[in-house]
Amino acid sequence: RSTEQGELGADGGVTVVETPAQLVVGIGLRGDASQRRIDEARARLEAWLQAHADQYRAAGTLRVMAYNSPFVAESKRFMEVQIPVIPADAAK
């Protein structure tokens, strides 16, 4: 939310790090974060990248961000599936 929120460093089993801004292609989904749904989202993102190959190239591996605890009802959970990208002309 803000660069003033929290501090970088380790706290127990969690390490907070600063990373540079990044361009991604992504899909937001409601529901469970099952491997089947992640694989379906990956296929949709890869199809989008193929259709826009003149504009973008993948620049990293798939990442999944599931935002809710197990105590949130499955129908209300939200996750994002993303692939980092770069402009096609930067990939040459």
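Residues numbered from 1 in each chain as written. Predicted model: local features only at pLDDT ≥ 70, side-chain atom pairs only at ≥ 80, totals over all residues. Heavy atoms only, no water.

Enquirer: Would you mind going over the nonpolar core in detail, with residue names and values included?
Expert: Residues Val 25, Ile 27, Leu 29, Ile 38, Ala 41, Leu 45, Leu 49, Met 79, Val 81, Ile 83 and Val 85 constitute the largest nonpolar core, which totals 11 residues. Elements supplying a minimum of two residues to this core: strand S3 (24-30), helix H1 (35-51) and strand S6 (78-87). Ignoring any residue separated from it by four or fewer positions in sequence, one finds Val 81 in contact with Val 25, Gly 26, Ile 27, Leu 29, Ala 41, Leu 45, Leu 62, Arg 63 and Val 64. (Core = buried A, V, L, I, M, F, W, Y, C linked by side-chain atoms within 4.5 Å. Buried < 20%, exposed > 50% of the residue type's maximum accessible area, 1.4 Å probe, protein only. Helix = DSSP H or I, 4+ residues; strand = E, 2+ residues; numbered from the N terminus. Contact = heavy atoms within 4.5 Å.)

Enquirer: How would you summarise the packing of aromatic side chains if you had to cite specific residues and measurements?
Expert: Summed over the entire model, instances satisfying the criterion amount to 2 aromatic pairs. Ring centres of Trp 48 and Tyr 56 lie 5.7 Å apart, and the angle between their planes is 35°; this geometry places the pair in the tilted category. The partly exposed category is assigned to Trp 48, whose relative accessible area is 33%. Assessed through its relative accessible area of 28%, Tyr 56 is described here as partly exposed. For the ring pair Tyr 67 and Phe 78, a centre distance of 6.1 Å and an interplane angle of 10° mean the geometry is stacked. Remark: Phe 78 occurs in strand S6 and Tyr 67 occurs in the loop between strand S5 (63-66) and S6; sequence separation between them is 11 residues. Overall, the relative accessible area of 29% leaves Phe 78 in the partly exposed class. (Phe/Tyr/Trp six-rings, centres within 6.5 Å; stacked < 30°, edge-to-face > 60°.)

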